[in-house]
Amino acid sequence: QVHLVESGGGLVQAGGSLRLSCAASGIIFSMNDGMGWYRQAPGKQRELVARFTSGGSTNYADSVKGRFTISRDNAKNTVHLQMNSLKPEDTAVYYCYGFGYWGQGTQVTVSS
């Protein structure tokens, strides 16, 4: 059984930073090239934020390019999302995804 647990969300002011972490069990990160982060704001559909591609590279939503960075530590089965220069429009529940499983989500709120 796969378990994905996110942490690191919180309340920050615009321009601030947060680092999200997703700890996984039941999977091997090196075999999951599609591991990534998604977010969902109230009244909106869940959208891609950042993910690892099948080619071993990364893909980011245009709205977060240059501000967010996804990284992974295969030895620790952990994926991170470093979020800098946060904007109020980044406010959402952020979800970790991999192998068809979703984490429980962690709330990120950015005040103006």
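Conventions and cut-offs
- Residues numbered from 1 in each chain as written.
- Predicted model: local features only at pLDDT ≥ 70, side-chain atom pairs only at ≥ 80, totals over all residues.
- Heavy atoms only, no water.
- Phe/Tyr/Trp six-rings, centres within 6.5 Å; stacked < 30°, edge-to-face > 60°.
- Buried < 20%, exposed > 50% of the residue type's maximum accessible area, 1.4 Å probe, protein only.
- Lys NZ or Arg CZ within 6 Å of the ring centre and 35° of its normal.
- Salt bridge = Lys/Arg side-chain N within 4 Å of Asp/Glu carboxyl O.
- Helix = DSSP H or I, 4+ residues; strand = E, 2+ residues; numbered from the N terminus.
- 1 Å grid on protein atoms, 1.4 Å probe; cavity = no way out; pocket = protein on both sides within 12 Å on 5 of 7 lines; lining within 4 Å.
- Points joined across faces, edges and corners; volume = space filled by probe spheres on them.
- Nonpolar A, V, L, I, M, F, W, Y, C, P; charged D, E, K, R; others polar.
- Core = buried A, V, L, I, M, F, W, Y, C linked by side-chain atoms within 4.5 Å.
- Contact = heavy atoms within 4.5 Å.
- Lys, Arg positive; Asp, Glu negative; His and termini not counted.
- Polar contact = N/O pair within 3.5 Å; in protein donor to acceptor, adjacent residues only side chain to side chain.

Overview of the packing of aromatic side chains
The final tally for this structure, using the stated rule, is four aromatic pairs. Arranged with centres 6.2 Å apart and planes meeting at 85°, the rings of Tyr95 and Trp102 form a pair that is edge-to-face. Residue classification places Trp102 among the partly exposed positions, given a relative accessible area of 38%. Ring-pair connections join several aromatic residues into one group, and the members of that group are Tyr38, Tyr95, Tyr97 and Trp102. Directly above the aromatic system of Phe52 lies the positively charged group of Arg72, at a separation of 4.8 Å from the ring centroid.

What about the pattern of salt bridges?
For the coordinates displayed, the defined rule picks out three salt bridges. Between Arg39 and Glu47 there is a salt bridge, with the nearest N and O atoms lying 2.9 Å from each other. Among the salt bridges present, the one from Asp90 reaches Arg39, with a minimum N-O distance of 3.0 Å. Separated by 51 residues along the polypeptide, Asp90 in the loop between β8 (78-83) and β9 (92-98) and Arg39 in strand β4 (residues 36-40) bring together distant segments of the chain. With respect to class, Asp90 is no different from Arg39; both count as buried.

Topic: the layout of surface pockets
Empty space within the largest pocket amounts to approximately 200 Å³. Lining the largest pocket are 13 residues, with Arg39, Ala41, Lys44, Glu47 and Glu89 positioned closest to its centre. Of the residues assigned to the lining of the largest pocket, the class counts are two nonpolar, four polar and seven charged.

Focus on the nonpolar core
The biggest cluster of nonpolar side chains holds 28 residues, and the ones touching the most others in it are Trp37, Leu81, Met83 and Tyr94. Elements with a minimum of two residues in this core: β3 (18-25), β5 (47-52), β7 (68-73), β8, β9 and β11 (106-111). Element by element, the count of residues in this core is highest for β3, at four residues. For Tyr94, the contacting residues outside a window of four places in its chain are Glu6, Leu20, Trp37, Tyr38, Arg39, Val49, Phe68, Leu81, Met83, Gly105, Thr106 and Val108.

Regarding the environment of Gly34
Structurally, the position occupied by Gly34 is in the loop between β3 and β4. Counting along the chain gives 18 residues from Gly34 to Phe52, while the straight-line C-alpha distance between them is 5.3 Å. Once you skip the residues sitting within four places of it in the chain, Gly34 turns out to touch Arg51, Phe52 and Tyr97.

A look at the side chain of Glu6
With respect to the element layout, Glu6 can be found in strand β1 (residues 3-7). Despite its burial, Glu6 remains without a salt bridge, the nearest opposite charge being carried by Arg46 at 7.6 Å. A distance of 2.6 Å separates a polar side-chain atom of Glu6 from the backbone nitrogen of Cys96. Engagement of the side chain of Glu6 in a polar contact is seen with the backbone nitrogen of Gln104, the distance being 2.9 Å. Ignoring anything within four residues of it in the chain, the contact list for Glu6 reads Ser21, Cys22, Trp37, Tyr94, Tyr95, Cys96, Gly103, Gln104, Gly105 and Thr106.

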